[in-house]
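# Fold and geometry: a report
Listed below, chain by chain, are the residues.
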Amino acid sequence: MTPTRILVLNSGSSSLKYQLLDMRDHSRLALGLVEKIGEQTSALTHTPLLGEDAGKKRVHETRFADHDEALQAVALELAADGLGLDSPELAAIGHRVVHGGLRFSAPTVVTDEVLAEIERLVPVAPLHNPANITGIKTAQALRPDLPQVAVFDTAFHTTMPEYAARYAIDVETADAHRIRRYGFHGTSHAFVSRRTAALLGKDPSEVNVIVLHLGNGASASAVAGGRCVDTSMGLTPLEGLVMGTRSGDLDPAVIFHLERVAGMSSEEIDTLLNKKSGLVGLCGENDMREIRRRIDEGDKQAELAFEIYIHRLKKYIGAYSAVLGKVDAVAFTAGVGENAAPVREAAVTGLEELGLAVDATLNSVRSDEPRIISPEYARVAVAVVPTDEELEIAHQAYDLVRESD
Ligand SMILES: Nc1ncnc2c1ncn2[C@@H]1O[C@H](COP(=O)(O)OP(=O)(O)O)[C@@H](O)[C@H]1O
Ligand SMILES: CC(=O)OP(=O)(O)O
Ligand SMILES: [Mg+2]
């Protein structure tokens, strides 16, 4: 029997999302999420999608100190459904790895040397790469015989032209420290730009798409004929859009000012910009649902936070319209992009000259399917295209292990 199943692990800074897929028909056998890893109470939500318990969610609230404990618990849940990691049907474990630097532009089987390179990149993805590494090590310990495949967030962006990837700083210093724009969420930008082309009935090579990945982390990309030509995140996932807890773009002199005038250490500033900024910093809340609820109640602080979020988003839509020259579609994706109709509406309001508009009725539809929400007359299609990083990682991991068979 040729193994056809792939377990995908998407380890975030404090979460672990996972899916078990059968690649014969791309069906999902189980999925789940562990939230608040490292906090007082974590929550594991597991849903088997096979057998008599199919669709029955199981929730466990207990503390998981780190991603190792979380993954051990996930392995037990899968085993309880007869889908344990010891299954001979498992072909590989696919891992989302956030930073791959310049070295990895394709999915890669993890060796000791690959793992060492992912560890070397921890300083430029401090919230993400450590969790990815723990996920890989724990999975290796559970199934030492199985290929562990790393799929990098940075890979899709390695096609960016040099003039988009370089910062305008001294070349020698930049090169000595590998300082450049890498970009992230690439697996999602690749998947969504392809799906958007399909939604338009075109081949990816024929269309230019602006993808807005708006989750807790958020990034925009300009994709021309299937290749990324610019993206909003940079050396680290801190640059660009306003995010749940991250500031996105700011004058770098803010950092010197905080050091010299406010007396903050670089660690404190790092924490401020990565964890206490963005929507949380502006209004104390990073969940867009809650922000909208507060705005509806007349909360001015939440309203201003929303306006700042939208203003930044519009600037990137405008910038990438200029970068691409001709735009065929703007695609909204991830938690906020897929669910928050007010964000989509506000982001394109006033951009009619760029060919953008949304139809209020189409925008209010809730669905898991890719869909166009712009009116017939609009020059640019505005679309909601749900991302599926796990499916994309499973495909890439499965293709890689089959090739090497
Ligand atoms: N129904 C909804 N309406 C508005 N925003 C939502 C909704 N559901 C989720 N979100 C937003 O999506 C965010 C999570 O997005 P997600 O893509 O899952 O993030 P990540 O992968 O970075 O954890 C939440 O913080 C929340 O702001
Ligand atoms: C790279 C990044 O920001 O990822 P996430 O949105 O999962 O935090
Ligand atoms: Mg995400």
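Residues numbered from 1 in each chain as written. Chains lettered and ligands numbered in written order. Predicted model: local features only at pLDDT ≥ 70, side-chain atom pairs only at ≥ 80, totals over all residues.

## Things to note about the packing of helix α6 (residues 186-199) against helix α15 (residues 389-403)
- The geometry of α6 relative to α15 is characterised by a closest axis approach of 9 Å and an angle of 95° between their N-to-C directions. In terms of their interaxial angle, α6 and α15 are classed as roughly perpendicular. Contact with α6, carried on its side by Thr187, Ser188, Ala190 and Phe191, involves Glu389, Glu392 and Ile393 of α15 and no other residues of that element.
- A per-class count over the contact of α6 with α15 returns 3 nonpolar, 2 polar and 2 charged. (Axes fitted to C-alpha atoms, helices over the stretch in contact; angles between N-to-C directions. Helix = DSSP H or I, 4+ residues; strand = E, 2+ residues; numbered from the N terminus. Parallel < 35°, antiparallel > 145°, perpendicular 65-115°, else oblique. Contact = placed C-beta atoms within 7 Å. Nonpolar A, V, L, I, M, F, W, Y, C, P; charged D, E, K, R; others polar.)

## Some thoughts on the UniProt feature "active site" (unreviewed entry) in the chain
- According to UniProt, the feature "active site" (unreviewed entry) maps to Asp153 in the numbering used here.
- Residue position: Asp153 is located in the loop between β8 (148-152) and α4 (162-165).
- Classification of Asp153 by C-beta neighbours within 10 Å gives buried; the count is 27.
- Residues within four places of Asp153 in sequence aside, it is in contact with Arg96, Val98, Phe184, His185, Gly186 and Thr187. (UniProt positions renumbered as here; feature names shortened; annotations may be inferred. Buried ≥ 20, exposed ≤ 12 C-beta atoms within 10 Å, placed from the backbone.)

## Quick word on the pairing of strand β1 (residues 5-11)
- Taking burial as the measure, the 7 residues of β1 include 7 buried ones, the bulk of the element.
- Neither face of β1 is exposed, since Arg5, Leu7, Leu9 and Ser11 on one face and Ile6, Val8 and Asn10 on the opposite face are all buried.
- Here β1 runs beside strand β2 (residues 16-22); their pairing, made up of 7 bridges, is antiparallel. Looking at the pairing, Arg5 lines up with Asp22 of β2.
- Between β1 and β2, which follow one another and run antiparallel, lie 4 residues.
- In terms of strand pairing, β1 meets strand β6 (residues 90-97) through 5 bridges, oriented parallel. Across the sheet, the residue bridging to Ile6 is Ala92, located in β6. (Pairing = 2+ DSSP bridges.)

## Comments concerning the nonpolar core
- The biggest cluster of nonpolar side chains holds 101 residues, and the ones touching the most others in it are Ile6, Ile210, Val330 and Ala331.
- Top element by residues in this core is helix α11 (residues 300-324). It accounts for 8 residues.
- In terms of domain composition, this core takes at least three residues from each of domain 1 (5-152) and domain 2 (202-384).
- If sequence neighbours within four positions are ignored, Val330 has contacts with Ile210, Leu212, Ile317, Leu356, Val380 and Val382. (Core = buried A, V, L, I, M, F, W, Y, C linked by C-beta atoms within 7 Å. Domains from an automatic or database assignment.)

## A word on the site of ligand 2
- The local shell around ligand 2 consists of Gly12, Val98, His128, Asp153, Phe184, His185, Gly215, Asn216, Gly217 and Pro237.
- The residue makeup of the shell around ligand 2, split by class, is 3 nonpolar, 6 polar and 1 charged. (Near = placed C-beta within 6 Å.)

## Remarks on the site of ligand 1
- Not every one of the 14 residues close to ligand 1 is listed here, only the nearest: Gly215, Asn216, Met288, Gly335 and Asn339.
- The set of elements that each furnish at least two residues to the shell around ligand 1 consists of α10 (288-296) and α12 (334-339).
- Of the residues forming the shell around ligand 1, the biggest block, 4 residues, is contributed by α12.
- Per-class residue counts for the shell around ligand 1 are 4 nonpolar, 8 polar and 2 charged.

## What about the sheet that holds strand β14 (residues 381-384)?
- Within the open sheet, the 6 strands sit side by side as β11-β10-β9-β12-β14-β13. Their pairing is mixed. Of all the strands in the sheet, just β11 (227-231) and β13 (371-372) have a single pairing partner and so form its edges.
- Bridge count between strand β9 (residues 208-214) and strand β12 (residues 329-333): 5 bridges; the pairing is parallel. Opposite Val209, over in β12, you have Ala329 as the bridge partner.
- Running at roughly 130° to β9, α6 makes contact with β9, β10 (218-224), β11, β12, β13 and β14 of the sheet.
- Relative to β10, α11 is tilted by about 15°, and along the sheet it contacts β9, β10, β11 and β12.

## Describing the UniProt feature "binding site: Mg(2+)" (unreviewed entry) in the chain
- The sites that carry the UniProt feature "binding site: Mg(2+)" (unreviewed entry) are, in the present numbering, Asn10 and Glu389. Judged by maximum C-alpha separation, these annotated positions cover 380 residues in sequence but sit close together in space, the widest gap being only 8.4 Å.
- Looking at the element boundaries, Asn10 is found in strand β1.
- In contact with Asn10, other than residues within four places in its own chain, are Lys17, Tyr18, Arg96, Glu389 and Glu390.
- On the secondary structure map, Glu389 appears in helix α15.
- Given 25 C-beta atoms within a 10 Å radius, Glu389 is considered buried.
- Leaving out residues up to four positions away in the same chain, Glu389 has contacts with Asn10, Arg96, Thr187, Ser188 and Phe191.

## A look at unusual backbone geometry
- The backbone phi angle of Lys36 is positive, close to 55°, even though this residue is not glycine.
- Of note, Lys36 is situated in the loop between β3 (27-35) and β4 (42-48).
- Overall, Lys36 belongs to the partly exposed group, with 16 C-beta atoms counted inside 10 Å.
- For Arg178, which is not glycine, the phi dihedral falls at a positive 50°.

## Examining the domain arrangement of the chain
- For the chain, the domain assignment lists domain 1 (5-152) and domain 2 (202-384).
- On a C-alpha basis, the centres of domain 1 and domain 2 stand 27 Å from each other.
- Listed as interface residues are 4 residues of domain 1 and, on the opposing side, 4 residues of domain 2.
- When the residues that make up the side of domain 1 that touches domain 2 are grouped by side-chain class, the tally is 4 nonpolar, no polar and no charged.

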